[in-house]
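Here is how the chains run, residue by residue.
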Amino acid sequence: MALAGLPGRGNGSDTVSGYLRQVVNVREFRRACYTAARRTGGKVVEFRLATGATPNFHQGLIAYLDHTVAVVCARDLAILAIAMPRIIDFADGIREWGPLTFVDVPALADALAELPGFRVLTSSELNGPFDAASWPHVLPDDIAYWKPDTLGEALFNYWD
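Below: a short report on this structure. (Residues numbered from 1 in each chain as written. Predicted model: local features only at pLDDT ≥ 70, side-chain atom pairs only at ≥ 80, totals over all residues. Heavy atoms only, no water.)

Here we come to the packing of aromatic side chains. All chains considered together, the criterion is met by 7 aromatic pairs. Ring centres of Phe57 and Phe156 lie 6.2 Å apart, and the angle between their planes is 75°; this geometry places the pair in the edge-to-face category. Of this pair, Phe57 sits in strand 4 (residues 57–63) while Phe156 sits in the segment after helix 5 (151–155), placing them 99 residues apart in sequence. Assigned by exposure class, Phe57 and Phe156 land together as buried. For the pair Phe102 and Phe156, a centre-to-centre distance of 5.8 Å together with 55° between the ring planes defines the contact as tilted. On the criterion of sequence distance, the pair formed by Phe102 in the loop between strand 6 (79–83) and helix 2 (106–113) and Phe156 in the segment after helix 5 is long-range, its members being 54 residues apart. (Phe/Tyr/Trp six-rings, centres within 6.5 Å; stacked < 30°, edge-to-face > 60°. Helix = DSSP H or I, 4+ residues; strand = E, 2+ residues; numbered from the N terminus. Buried < 20%, exposed > 50% of the residue type's maximum accessible area, 1.4 Å probe, protein only.)

This part covers the nonpolar core. If you look at the biggest cluster of nonpolar residues, it comprises 24 residues, and the most contacted ones within it are Phe29, Val71, Leu80, Leu108, Leu112 and Phe118. Elements supplying a minimum of two residues to this core: helix 1 (26–40), strand 3 (43–48), strand 5 (68–74), strand 6 and helix 2. Top element by residues in this core is helix 1. It accounts for 5 residues. Residue contacts for Leu108: discarding those within four places in its chain leaves Ala36, Thr40, Ile62, Tyr64, Val69, Val71 and Ile82. Among the nonpolar cores identified, the runner-up in size contains 22 residues, and Leu126, Trp135, Leu155 and Tyr158 belong to it. (Core = buried A, V, L, I, M, F, W, Y, C linked by side-chain atoms within 4.5 Å. Contact = heavy atoms within 4.5 Å.)

Right, here's the structure in full:
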């Protein structure tokens, strides 16, 4: 699952074994969410940006008439996925953790995939097994300690 072909952006990017590793530009993530929402009849209702050590992803919540989903963006890879929204701060003493629930929203995934600079992974890819050799940016110590079963757990997590 190489990310070769995605352009590096900004000073924080490098390519590791064909994978784009970068500190994701939050402005570009927001723009991607607004553009995809507009193209699919949704409305961006909130951004939940990770500012602490955990989680390692941001969320853009998009509301449709009958449901709300989160576009999740890894903070250090140009990878997007669609999941059920999660609470990521300590407001009111509430904080969620653990594996995300990835969902398929084909029209939204297609709209996101049309935008430059990001790769969109499907729920079947994310719920599939994690192969450390295919994702060399995931630290070996994290793999040994957290033992992710799925690709989604390895890429979008609350590890410290």
